[in-house]
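What follows is the residue order along each chain.
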Amino acid sequence: MVAAALLPELWTEILVPICAVVGILFSLFQWYVVSRVKLTTDLGASSSGGKNGHGDYLIEEEEGINDQSVVAKCAEIQTAISEGATSFLFTEYKYVGVFMIFFAGVIFVFLGSVEGFSTENKACTYDTTRTCKPALATAAFSTVAFVLGAVTSVLSGFLGMKIATYANARTTLEARKGVGKAFIVAFRSGAVMGFLLAASGLLVLYITINVFKIYYGDDWEGLFEAITGYGLGGSSMALFGRVGGGIYTKAADVGADLVGKIERNIPEDDPRNPAVIADNVGDNVGDIAGMGSDLFGSYAEASCAALVVASISSFGINHDFTAMCYPLLISSMGILVCLITTLFATDFFEIKVVKEIEPALKNQLIISTIIMTVGIAIVSWVGLPSSFTIFNFGTQKVVKNWQLFLCVCVGLWAGLIIGFVTEYYTSNAYSPVQDVADSCRTGAATNVIFGLALGYKSVIIPIFAIAISIFVSFSFAAMYGVAVAALGMLSTIATGLAIDAYGPISDNAGGIAEMAGMSHRIRERTDALDAAGNTTAAIGKGFAIGSAALVSLALFGAFVSRAGIHTVDVLTPKVIIGLLVGAMLPYWFSAMTMKSVGSAALKMVEEVRRQFNTIPGLMEGTAKPDYATCVKISTDASIKEMIPPGCLVMLTPLIVGFFFGVETLSGVLAGSLVSGVQIAISASNTGGAWDNAKKYIEAGVSEHAKSLGPKGSEPHKAAVIGDTIGDPLKDTSGPSLNILIKLMAVESLVFAPFFATHGGILFKYL
């Protein structure tokens, strides 16, 4: 008999939900602090002073900028952005809701048919001496878990968007008091989203497990198999959110930049540009709602993969609930660690000058990683027995608790390495982006060549980091080790998301400052916030892609175990055709999403040109553009264009599994993982580098940058073209690919019993 964990079951039952509730309360507190920045012109509207600056008098007051009309204009623009984002998401969710109901039915019918819709108990898959609940029960509970995951994912994205649109104008107004005040508002708003998502994801999963346990009792194998539906629900919604939001934001961005900056030579976010509201709405629906759903999906899938493998290891066999909940205990500790880390940015240190912004955000990652290492050690000591066994493709492998601690740490630190490598290749403080900016001297072609080379080169170190973490974690604890390594990378998700959401909020704040006609000094401050946010958004994407690779592999291992495959032999034709097709899928998917952005941007460019040519007084600023038409173009294009890529990802595992069987499907999953990760990293980093090369020239901080500028110069125009090409790479195709590799793997795992029983019909009759 294996020893039990030090932490009693009762304490686990109490601690996990308490940590989740603490996370939710902390996010509500941050929201309350942000809400005290008033969008009114009454100086006495809020009385608290101090670091958060609600009651501080404005620095620019003597310049006459504390003007009622400026504040009213900010509030008006914020309302337009918020309404645009809400209306788009509601339209998107109508379509996604129909898909959710349809796919829930597919899950129930496919999984119920495994035992011919029998209601009799059956012999367990891994231990045939015991009886387990019928397949029909697994079908029903998987369907419920799928719906719960989908709804939680949608809510995560929607609430994140609401908070971001609530905070953008408040950040702009705080920028009048100094860059530090604006930073705190933007960062607190990001923290609201980060903690709300991490805590609600954990709480819903924990409650679901406990409710399902009432029916399943001792049948933990069936219980945690049904729970995998939660991960599938989360990721399927994230796919549509990421692709739809990505097409929306980039159609508007490309259209606004090509006509506004290059043809008409007007600044970014100029209110005369008809696409400017659509562009700012896009930042929220793509980078906030899409990213929120995406990272929630990663977290849900990593937890599900770990729980499935644990349920057929000694934890599940001996019904050790505390050890079984090890993945949830890691996430609970992560919430507490991120809470402490956030205080370093908002309360312990104050930002006074622009150059302190980026280090403050990077320190968040370093501090959370260091404290989390200690947190994982505590959780591993109290939450795990000193020795236990882990299921390893048909055998049980003996593992010590310190080995599992190292597995989680390897994932955690690999995430930090990927984050910093991404930052090195995408921040304009370092030579790679400066070289790309320098290449703009000779035109757009050399800029594109340098940018592509940078993206390909930036893949090398992250892939080594992922490869080492896979090797170490698999050597210690088989596929369970890989799953907890992915959870380690995602354990500081609250901080990661806070940093990530900060970027689009700052971007919007800059746009609002420009549109409201605020002074050049305020625009400089919001630009500084935005430049730091651009780099942190790239770091966030690096985290998302790295964790997706580990999550996908862990799910792949769980799928192979569940489908009864002991080895995946690359030399068999069934597997090799799967590998080739799987490696092709990310290219097919990227082609679809890139072309969607291109065709939507084409319509947008034509509309913006039409308005400039036909509305008298638009360039002079005496007439208002028709923003609504541009918003409609983006909305219609993204809703229509998100369906084909979504169908490609959702139908591939079903078609391959049903017609070609589990061996070919395992090849498809391996192929898509291997090629998808490389394309995703290079696409995200290429786009990020082009964007920051443009900002480097625009800011003109160094002598080198001044020699390339100012705005409107030939090198600047070449940089804008590079940035425009990079937009769909970094915000549509790249980030969506990590969902492709995770979603196909989790879908295969959920349908594994069906494929194992009824799959491969072509090979059966050939």
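The model shown is predicted, which means the values in this text are computed figures rather than measured ones.

Attention shifts here to a nonpolar patch on the surface. Where nonpolar side chains cluster on the molecular surface, the patch consists of I417, I460, I461, F464 and I468 and spans about 490 Å² of accessible area. Element by element, the count of residues in the nonpolar patch is highest for helix α14 (residues 460-490), at four residues. Following the sequence through the fold, I468 ends up in helix α14. Judged by its relative accessible area of 53%, I468 falls in the exposed class.

Bringing the pattern of salt bridges into the picture now. Counting across every chain of the model gives 31 salt bridges. A salt bridge links D636 to K632, with the shortest nitrogen-to-oxygen separation between them at 2.6 Å. Of this pair, D636 and K632 both sit in helix α18 (residues 627-641), separated by four residues, roughly a single helical turn. Note that E641 is salt-bridged to K640, the shortest N-O span being 3.9 Å. Judged by relative accessible area, which is 18%, E641 ranks as buried.

Centre distance and the angle of the planes are the two values used to describe a pair of aromatic rings. A complete count under the given rule lists 32 aromatic pairs for this structure. Residues Y93 and F158 carry aromatic rings whose centres are separated by 6.4 Å and whose planes lie at 65 degrees to one another, so their mutual orientation is edge-to-face. Of this pair, Y93 sits in helix α2 (residues 68-112) while F158 sits in helix α3 (residues 135-174); the two residues are 65 residues apart in sequence, bridging distant segments of the chain. With a centroid separation of 5.2 Å and an interplanar angle of 85 degrees, the aromatic rings of Y215 and Y216 are classed as edge-to-face. Since its relative accessible area comes to 2%, Y216 is described here as buried. A connected cluster of aromatic rings, assembled from ring pairs, spans F99, F103, F110, F146, F240, F658, F659, F751, F754 and F755. In this arrangement the basic side chain of R170 is found over the ring face of Y166, its NZ or CZ atom lying 3.9 Å from the centre.

The next point concerns the confidence of the model for the chain. Predicted coordinates in areas of low pLDDT are best not read in detail. When the pLDDT values of the chain are averaged, the result is 88; 95% of them are 70 or greater. Per-element confidence in the chain ranges from a low mean pLDDT of 76 for strand β1 (residues 122-123) to a high of 96 for helix α13 (residues 444-457). This model gives residues 43-50 a pLDDT under 50, and the stretch forms 18 contacts once residues within four places in sequence are excluded. Scored below 50 in pLDDT, residues 55-64 shows 25 contacts in the model against residues more than four places distant or in partner chains.

One can describe the packing of α3 onto helix α15 (residues 493-515) by two numbers: an axis separation of 8 Å at closest approach and a directional angle of 55 degrees. By the angle between their axes, α3 is oblique relative to α15. Viewed along their axes, α3 and α15 form a crossing whose handedness is right-handed. Only I505, N508, A509, I512 and A513 of α15 make contact with α3, whose side of the interface consists of A164, A167, N168, A169, T171 and T172. The class makeup of the residues in the contact of α3 with α15 is seven nonpolar, four polar and no charged.

About the cut-offs
Residues numbered from 1 in each chain as written. Predicted model: local features only at pLDDT ≥ 70, side-chain atom pairs only at ≥ 80, totals over all residues. Heavy atoms only, no water. Patch = residues over 30% accessible without salt bridge, like charges linked within 9 Å, V, L, I, M, F, W, Y side chains within 5 Å. Areas by Shrake-Rupley, 256 points an atom, 1.4 Å probe, with all protein chains shown as cover. Salt bridge = Lys/Arg side-chain N within 4 Å of Asp/Glu carboxyl O. Helix = DSSP H or I, 4+ residues; strand = E, 2+ residues; numbered from the N terminus. Buried < 20%, exposed > 50% of the residue type's maximum accessible area, 1.4 Å probe, protein only. Phe/Tyr/Trp six-rings, centres within 6.5 Å; stacked < 30°, edge-to-face > 60°. Lys NZ or Arg CZ within 6 Å of the ring centre and 35° of its normal. pLDDT = per-residue confidence, 0-100. Contact = heavy atoms within 4.5 Å. Axes fitted to C-alpha atoms, helices over the stretch in contact; angles between N-to-C directions. Parallel < 35°, antiparallel > 145°, perpendicular 65-115°, else oblique. Left-handed = near helix turned anticlockwise from the far one by under 90°. Nonpolar A, V, L, I, M, F, W, Y, C, P; charged D, E, K, R; others polar.

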